Amino acid sequence: MLTETVGLSGVPDPSDLERAEPVVAWFQRSVTADGLPSLHRVLPSLLDGDCLQDFEAQLDLVIGGLRASAG
């Protein structure tokens, strides 16, 4: 999951950042049952996971899927 935007220089421009609060607080505030019902239902499970620990395995899964669809 991307948490910030990066310009051509590779360095985030502070004026482009949408929030200055932790990403968990932002998701809890922004993801509503009316606006994003499916994401709202699974948000507690997503927040319970260890994003850093699972990142490499999930990235490998995405890359494997891209390779399969390209080949």
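Calculation notes
- Residues numbered from 1 in each chain as written.
- Predicted model: local features only at pLDDT ≥ 70, side-chain atom pairs only at ≥ 80, totals over all residues.
- Heavy atoms only, no water.
- Helix = DSSP H or I, 4+ residues; strand = E, 2+ residues; numbered from the N terminus.
- Buried < 20%, exposed > 50% of the residue type's maximum accessible area, 1.4 Å probe, protein only.
- Phe/Tyr/Trp six-rings, centres within 6.5 Å; stacked < 30°, edge-to-face > 60°.
- Patch = residues over 30% accessible without salt bridge, like charges linked within 9 Å, V, L, I, M, F, W, Y side chains within 5 Å.
- Areas by Shrake-Rupley, 256 points an atom, 1.4 Å probe, with all protein chains shown as cover.
- Salt bridge = Lys/Arg side-chain N within 4 Å of Asp/Glu carboxyl O.
- Contact = heavy atoms within 4.5 Å.
- pLDDT = per-residue confidence, 0-100.

Observations concerning the overall build of the chain
Looking only at helices and strands, the chain features three helices and zero strands. Counted from the first residue to the last, the chain has its helices and strands arranged as α-α-α. Here the chain, with 71 residues, has 6% of them falling under the buried criterion.

With respect to the packing of aromatic side chains
Evaluated as defined, the whole model comprises one aromatic pair. The interplanar angle of 85 degrees and the centroid separation of 5.1 Å between the aromatic rings of tryptophan 26 and phenylalanine 27 together place this pair among those described as edge-to-face. Residues tryptophan 26 and phenylalanine 27 agree in their burial class; the two are buried.

A look at a nonpolar patch on the surface
On the surface, a nonpolar cluster with roughly 240 Å² of combined accessible area is contributed by Phe55, Leu59 and Ile63. Within the secondary structure, isoleucine 63 is located in helix H3 (residues 51–70).

Examining the environment of threonine 32
Examined against the element boundaries, threonine 32 turns out to sit in the loop between helix H1 (23–30) and helix H2 (37–48). Using a relative accessible area of 36% as the deciding quantity, one classes threonine 32 as partly exposed. Put simply, threonine 32 and leucine 43 are 11 residues apart on the chain and 10.0 Å apart in space, counted from C-alpha to C-alpha. When sequence neighbours within four positions are dropped, the list of residues in contact with threonine 32 reads Pro37 and His40.

Notes on the environment of leucine 39
Checked against the element boundaries, leucine 39 lands in helix H2. Remark: the alpha-carbon pair of leucine 39 and phenylalanine 27, spanning 12 residues in sequence, is separated by 9.9 Å. With residues up to four places along the chain from it excluded, the contact list for leucine 39 reads Val31 and Leu46.

Overview of the confidence of the model for the chain
Across the chain, the average pLDDT comes to 75, with 65% of residues at or above 70. Looking at the elements of the chain, mean pLDDT is at its lowest for H3, recorded as 81, and at its highest for H2, recorded as 88.

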